[in-house]
Amino acid sequence: MKAPQQNLRTPGPTPCPDEVLDGMSQQMINHRGPEFRQLIDGLTDKLSRIYMTSGKVYILTASGTGALEAAVVNTLSPDDKVLAVSIGYFGDRFADIARIYRTNVTKLEFEWGTPADPEVIRKALQDDPGIKAVLVTHNETSTGITNDLESIAKVVKGEFGKLLLVDAVSSLGCVPLNTDQWQCDVVSTASQKGLMVPPGLSFASVSDRGWEAYKESTMPRYYLDLGSAHRYLDRGQNPFTPNVALLYGLDVALDMMLDEGMESVYQRHHEIADFTRAGVQKLGLTLLADDAHASDTVTAINNPEGVDCGALVEMMRTEHSVVLAAGQGPLQGKIFRIGHMGLVTREDIQEVLNALETSLTKLGYQLVPSN
Ligand code: PMP
């Protein structure tokens, strides 16, 4: 199949720069040889810089969920008390993973479309001193909300000294996340979002405290054993056969980001998000998130009254080659989402806005432009 020419604006996978695609189409190398060592050592160093950690970042051949599962199985034991903070679909997923592995999960849920309140997290930790770890989603892709991770970390780490496991799948490399300064114990992310690489790789950092928890953890683990990843990395290897092509692509993408400078990358994401939100509102549509918590990587738009958003998303794809995402879970049929992470320009977003205007009119929606 030949991939269609589309304006892919789902919140992952994101379009890959041509340089990344070109970088991937190279011959294989021996993953137990010196060439691979050079590749993985360079990647580890670059990932640590983007993660803002002096520790190592481990590369898993798995999608983002693999790195979330790795966070759980490498630091926790069955029956450990876990506070799973959820503001949407992916917060629920993190909680489910912890539950499946038989930890004792208390879910702290916030209304979808709102962020987690650090004060409520503080209260939950006060109420149950037995809690060992807190799970939190940095950027909730299902609702387009970014949690104030720094403030949450101040409570979880600064005040209570709990383990902090972070889902940064749709934030890392787009929104500042200072792994060491905020004392995040495991930060998990994936290749197909801000890192602009095809799906199939995920990443996890581990703090010193995280390694202490690793030693105590009795959870079964094999493929996702980060201790094993650490030992192999010392030899410049992965425990298992890695996806070398994706690693070639990652090398190019990380160079592009670091050459641009991370401050510029973050600023660019912030500006494109503002542009998206303003453009949507100019069409008279309303946003799920308030400005203070709206994500710089994905914008959730309330379903215009009387419009079937499934039909809208379908029309955008078939008639304009613009691919958006529908709502998930309880927000299905209530919102649609525009992804703007990684490689995205104002022109790409303008094309989405133009197509939205045309499609909504065609679907009979009376656009009420606001001034
Ligand atoms: N967490 C978040 C915040 C995500 O956005 C996603 C993917 N949309 C995941 C976890 C799961 O990642 P994957 O589909 O790569 O397993």
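Residues numbered from 1 in each chain as written. Predicted model: local features only at pLDDT ≥ 70, side-chain atom pairs only at ≥ 80, totals over all residues. Heavy atoms only, no water.

Asks: Which parts of the structure should I look at to understand the packing of aromatic side chains?
Replies: The full count for this structure, using the stated rule, is 5 aromatic pairs. Residues Y58 and W211 carry aromatic rings whose centres are separated by 5.8 Å and whose planes lie at 85 degrees to one another, so their mutual orientation is edge-to-face. Highlighted residues: Y58 in strand β2 (residues 57-60) and W211 in helix α7 (residues 208-216), separated in sequence by 153 residues. Like Y58, the residue W211 is buried in the burial classification. Ring centres 6.0 Å apart and planes at 35 degrees place the aromatic pair Y222 and F240 in the tilted group. Placement of Y222 in the loop between α7 and α8 (226-234) and of F240 in the loop between α8 and α9 (244-260) is noted, with a sequence separation of 18 residues between them. According to the relative accessible area criterion, F240 is partly exposed, its value standing at 25%. One aromatic cluster is present, formed by Y58, W211 and Y214 through successive ring pairs. (Phe/Tyr/Trp six-rings, centres within 6.5 Å; stacked < 30°, edge-to-face > 60°. Helix = DSSP H or I, 4+ residues; strand = E, 2+ residues; numbered from the N terminus. Buried < 20%, exposed > 50% of the residue type's maximum accessible area, 1.4 Å probe, protein only.)

Asks: For this particular structure, what's the right way to read the packing of helix α2 (residues 34-51) against α9?
Replies: Angle between the axes and distance between the axes are the two parameters that describe a pair of packed helices. Between α2 and α9, the shortest axis-to-axis distance is 10 Å and the interhelical angle comes to 40 degrees. Overall, the two elements α2 and α9 adopt an arrangement that is oblique. As for how α2 packs across α9, the hand of that crossing is left-handed. Judged by residue contacts, F36, L39, L43, K46, L47, R49 and I50 of α2 engage V244, L247, Y248, L250, D251, L254, D255, M257 and L258 from α9. Grouping the amino acids of the contact of α2 with α9 by side-chain chemistry returns 12 nonpolar, no polar and 4 charged. (Axes fitted to C-alpha atoms, helices over the stretch in contact; angles between N-to-C directions. Parallel < 35°, antiparallel > 145°, perpendicular 65-115°, else oblique. Left-handed = near helix turned anticlockwise from the far one by under 90°. Contact = heavy atoms within 4.5 Å. Nonpolar A, V, L, I, M, F, W, Y, C, P; charged D, E, K, R; others polar.)

Asks: How do you make sense of the sheet that holds strand β8 (residues 163-167) when you look at a structure like this?
Replies: Two modes of strand pairing occur in sheets, parallel and antiparallel, and in both the strands are linked by backbone hydrogen bonds. Strand order in the open sheet formed by 7 strands is β2-β10-β9-β8-β5-β3-β4, with mixed pairing between adjacent strands. Edge strands, defined here as strands with exactly one partner in the open sheet, are β2 and β4 (104-109). Between one strand axis and the next, the sheet turns by 20 degrees as a mean value, whatever way the strands run. Pairing of β8 with strand β9 (residues 186-190), which is carried by 3 bridges, proceeds in the parallel orientation. Paired with L165 across the two strands is V186, which belongs to β9. (Pairing = 2+ DSSP bridges.)

Asks: Can you walk me through the nonpolar core in this structure?
Replies: A general feature of soluble globular proteins is that nonpolar side chains tend to end up buried together. In terms of nonpolar packing, the biggest core is built from 89 residues, with I59, I121, F203, L226 and L250 touching the most fellow members. Tallying contributions element by element places α9 first for this core, with 9 residues. Composition of this core by domain shows at least three residues from each of domain 1 (7-13 + 262-362) and domain 2 (18-258). Formed by 25 residues, the second largest nonpolar core is a distinct cluster that contains I272, V307, M316 and L356. (Core = buried A, V, L, I, M, F, W, Y, C linked by side-chain atoms within 4.5 Å. Domains from an automatic or database assignment.)

Asks: Sorry, what's going on with helix α3 (residues 64-75) here?
Replies: Working note: α-helix, 3.6 residues per turn, so residues spaced by three or four point in the same direction. With 12 residues, α3 should reach 16 Å at 1.5 Å per residue; the first-to-last C-alpha distance of 17 Å fits that figure. Counting buried residues along α3, 10 of its 12 residues qualify, which places the element largely inside the surrounding structure. (Expected span 1.5 Å × (residues − 1).)

Asks: I keep staring at the site of the ligand and nothing clicks. Help me out?
Replies: Around the ligand sit 14 residues, and of these S63, T65, T141, D167 and K193 come closest. Side-chain polar atom of T141 to an oxygen atom of the ligand: 2.4 Å apart, as the coordinates give it. Within the side chain of Q192, one N or O atom sits 2.8 Å away from an oxygen atom of the ligand. In the complex, the protein chains occlude 87% of the 400 Å² of accessible area that the ligand would expose alone. (Near = heavy atom within 4 Å. Polar contact = N/O pair within 3.5 Å; in protein donor to acceptor, adjacent residues only side chain to side chain. Areas by Shrake-Rupley, 256 points an atom, 1.4 Å probe, with all protein chains shown as cover.)

Asks: I'm lost on the environment of Y214 in this one. Help?
Replies: Mapped onto the secondary structure, Y214 falls in helix α7. Residue Y214 is classed as buried on the basis of its relative accessible area of 15%. Through-space distance from the C-alpha of Y214 to that of I335 is 40 Å; in sequence the pair is 121 residues apart. When near neighbours in sequence (up to four residues on either side) are disregarded, Y214 contacts N74, T75, R221, D225, L226, G227, S228 and R231. Reaching out from Y214, the side chain makes a polar contact with the side chain of D225 at a distance of 2.7 Å.

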